[in-house]
Amino acid sequence: MMTNKLTQLENEVRHDFKNGGPLVWTSAKEQPKQSDLVYVDGGIFNYKTDKHGDIPPEQILVVTSEDRKRRVNEIIAENPSVDINRLADVLLYDKLYNPSLTKMQDEEYPIMSERQFDRRESREVKSTNGMDGNAADGKDHGRPTRRERSGYENRFVDKKARIRNKERKKEYHEFTKVQPVIKTRYFSS
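Conventions adopted
Residues numbered from 1 in each chain as written. Predicted model: local features only at pLDDT ≥ 70, side-chain atom pairs only at ≥ 80, totals over all residues. Heavy atoms only, no water. Helix = DSSP H or I, 4+ residues; strand = E, 2+ residues; numbered from the N terminus. Buried < 20%, exposed > 50% of the residue type's maximum accessible area, 1.4 Å probe, protein only. Polar contact = N/O pair within 3.5 Å; in protein donor to acceptor, adjacent residues only side chain to side chain. Contact = heavy atoms within 4.5 Å. Patch = residues over 30% accessible without salt bridge, like charges linked within 9 Å, V, L, I, M, F, W, Y side chains within 5 Å. Areas by Shrake-Rupley, 256 points an atom, 1.4 Å probe, with all protein chains shown as cover. Salt bridge = Lys/Arg side-chain N within 4 Å of Asp/Glu carboxyl O. Lys, Arg positive; Asp, Glu negative; His and termini not counted. Charge placed at Lys NZ, Arg CZ, Asp CG, Glu CD. Axes fitted to C-alpha atoms, helices over the stretch in contact; angles between N-to-C directions. Parallel < 35°, antiparallel > 145°, perpendicular 65-115°, else oblique. Left-handed = near helix turned anticlockwise from the far one by under 90°. Nonpolar A, V, L, I, M, F, W, Y, C, P; charged D, E, K, R; others polar. Phe/Tyr/Trp six-rings, centres within 6.5 Å; stacked < 30°, edge-to-face > 60°.

### Examining the environment of Arg86
Phase 1: Secondary-structure assignment places Arg86 in helix 4 (residues 84-91).
Phase 2: Accessibility expressed as a relative area gives 22% for Arg86, which makes it partly exposed.
Phase 3: Once the C-alpha coordinates of Arg86 and Thr7 are considered, the two residues, 79 residues apart in sequence, prove to be 8.9 Å apart.

So this is what it looks like as structure tokens:
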């Protein structure tokens, strides 16, 4: 019975958040403050004075949670063992599911939903191990590493090296073998 009331409240809050209903939104009595969450012309925005300043306050709906708090207190009074996490989600629905892309910049203490947290975490660089030598130009300026040669390349290099080694050995042997001594005499006159 209690979960039915909570589920009904959750569904109403979801619906009202998207469609400007009374459980989430109320008419603004005065001009909203900068970066307040507002519902204008069927869309949810963070209020910006330069963008929305010319709209009269009567046409702007601002987030409220008074009616939600009252209904949550009624549910808790009837059954104190109700799921606290679900109640917290209902109370903080406008904070958790704020669709603004600049939510983290606009709010003083932003709260991320699980999906927003996962999306933000997936965009961050996990580790810098592979980025140690990368510079701003995207090139790796670290110490170069040699690739492994294939068997074919090794056989080719060995064959060429053996040929050159024979040539070098022959030249070295010619240069170091015993040379005849040449005697020269210098005369002074």
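### A few points about the side chain of Lys103
Phase 1: For Lys103, the location among the structural elements is in helix 6 (residues 103-106).
Phase 2: Only 3.3 Å separates the side chain of Lys103 from the backbone oxygen of Leu96, close enough to count as a polar contact.
Phase 3: There is a polar contact of 2.6 Å between the side chain of Lys103 and the backbone oxygen of Ile111.
Phase 4: Other than its neighbours up to four places away in sequence, Lys103 contacts Lys95, Leu96, Asn98, Pro110, Ile111, Met112 and Gln116.

### Things to note about a positive patch on the surface
Phase 1: Taken together, the side chains of Lys159, Lys160, Arg162, Arg164, Lys166 and Arg168 present a region of like positive charge at the surface.
Phase 2: Turning to its location among the elements, Arg168 is positioned in helix 8 (residues 151-176).

### Observations concerning the packing of helix 3 (residues 66-78) against helix 4
Between two packed helices, the angle of one axis relative to the other and the distance separating the axes together describe the packing.
Phase 1: Remark: helix 3 packs on helix 4, axes separated minimally by 10 Å, with the N-to-C direction vectors making an angle of 165°. The orientation of helix 3 with respect to helix 4, classified from their angle, is roughly antiparallel. Considering the relative orientation of helix 3 and helix 4, their crossing is right-handed. Residues Arg68, Lys69, Val72 and Ile76 of helix 3 form the contact with helix 4, whose own contacting residues are Leu87, Val90 and Leu91.
Phase 2: Across the contact of helix 3 with helix 4, the residue classes tally to 5 nonpolar, no polar and 2 charged.

### Some details on the packing of aromatic side chains
Phase 1: Enumeration according to the criterion identifies 4 aromatic pairs in this entry.
Phase 2: Measuring from centroid to centroid gives 5.3 Å for Phe17 and Tyr93, while their planes differ by 75°, and the two rings are edge-to-face. With Phe17 in helix 1 (residues 2-19) and Tyr93 in helix 5 (residues 93-96), this residue pair connects regions lying 76 residues apart in the sequence. Pair check on accessibility: Phe17 and Tyr93 agree, each one buried.
Phase 3: Arranged with centres 5.5 Å apart and planes meeting at 40°, the rings of Trp25 and Tyr39 form a pair that is tilted. With Trp25 in strand 1 (residues 25-27) and Tyr39 in strand 2 (residues 37-40), this residue pair connects regions lying 14 residues apart in the sequence. A single burial state applies to Trp25 and to Tyr39, both of which are buried.
Phase 4: Ring-pair connections join several aromatic residues into one group, and the members of that group are Phe17, Trp25, Tyr39, Tyr93 and Tyr97.

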